[in-house]
Amino acid sequence: MAAELDGERREARVFLAAACEPGAVLEDFGHVLEVRETIAWDKRTAAVKMERSLCLGALSLKTEPLEHADPARVAAALIDGIRLSGIGCLPWTPGIRRWQERVCFLRRVSGDGGGWPDVSDPELADSLESWLVAHIGGITRIIGLKKLDLGAALGGLLSWQQRRRLDEWAPTHIEVPSGSRIRVDYSGDPPILAVRLQEMFGCMQTPRVAGGGQPLLLQLLSPAGRPVQVTQDLAGFWAGSYHEVKKEMRGRYPKHHWPDDPLSAVPTRRTTKKAIKG
């Protein structure tokens, strides 16, 4: 116990002190001792701190791990940690991010959101209590979130009808005339379909999503996979600038098929003349 010191808090220097036995403290101050439970996020360890302390005012006399902590308080502390760490600490996968983009797309193109939930990162971070708490039982550390089924947690934000509508109105892939199933990129506005030009021969109409209400932005690719035209008007492209593209592509890729009439040509994944004839 310090009897004489100067300064304040951590900067204080002790000039006079005497040892004090724990038993004497309990005997003399037992009536004002307090047991405190701490369940809070510890940024240093990236984990929920769970402790029971015996305290005399601001002085902690004894601290031990807290067993059988209140699960609701543990979950609330973990939620605090997720917010501090950023929503990116959750176990996102490319597939879950694409799901998020599809839902955001349908919310964007539907009038007044169309009943679709806001699953943007900022909104998900603000509403963790409503959609994530039920899925984090037993997890106390950021590293423990690896075992979280994030897809199931987010999927619970959609009704059964919305889950079915999502696959119908924002399909992950579109089948093009060649028979290939091409992934749609919903990260942009409008969504993008990047496909080799020869695979679209014979197709007059631009592929659409959202129940036919949204034409895709076509990135028509060269044999090397580079965009040679970006359009939402496929019919206009065939009738117009295709002929200039055809001239350029014939010079660069003479072994590939560049028909004069793309609408009567057979769409193909095998783009060389030899492959097409074979």
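Notes on the structure follow.

Definitions and limits used
- Residues numbered from 1 in each chain as written.
- Predicted model: local features only at pLDDT ≥ 70, side-chain atom pairs only at ≥ 80, totals over all residues.
- Heavy atoms only, no water.
- Pairing = 2+ DSSP bridges.
- Helix = DSSP H or I, 4+ residues; strand = E, 2+ residues; numbered from the N terminus.
- Axes fitted to C-alpha atoms, helices over the stretch in contact; angles between N-to-C directions.
- Salt bridge = Lys/Arg side-chain N within 4 Å of Asp/Glu carboxyl O.
- Buried < 20%, exposed > 50% of the residue type's maximum accessible area, 1.4 Å probe, protein only.

### A word on the sheet that holds strand β6 (residues 173-175)
Two pairing modes exist for strands in a sheet, parallel and antiparallel, and in both the strands are linked by backbone hydrogen bonds.
Okay, step 1: The five strands lie next to each other as β6-β7-β8-β11-β12, forming an open sheet whose pairing is mixed. The open sheet has two edge strands with one neighbour each: β6 and β12 (227-231). Ignoring which end each strand starts from, the neighbouring axes of this sheet average 30 degrees apart.
Okay, step 2: Summarising the sheet, strand β7 (residues 181-185) and strand β8 (residues 192-196) pair through two bridges and their orientation is antiparallel. Paired with D185 across the strands is I192, a residue of β8.

### Side note on the pattern of salt bridges
Okay, step 1: All chains considered together, the criterion is met by eight salt bridges.
Okay, step 2: E129 serves as the salt-bridge partner of R83, at 2.6 Å between the closest nitrogen and oxygen. Placement of the pair is R83 in helix α2 (residues 71-85) and E129 in helix α5 (residues 128-131), with a sequence separation of 46 residues.
Okay, step 3: With a closest N to O distance of 3.0 Å, R252 and E248 form a salt bridge. With R252 and E248 both in helix α9 (residues 242-252) and four residues apart, the pair spans about one turn of that helix.
Okay, step 4: Given the relative accessible area of 42%, E248 is considered partly exposed.
Okay, step 5: Among the ionic contacts, a cluster of salt bridges with common partners joins K246, R250 and D260.

Keep in mind these numbers describe shape, not what the thing actually does.
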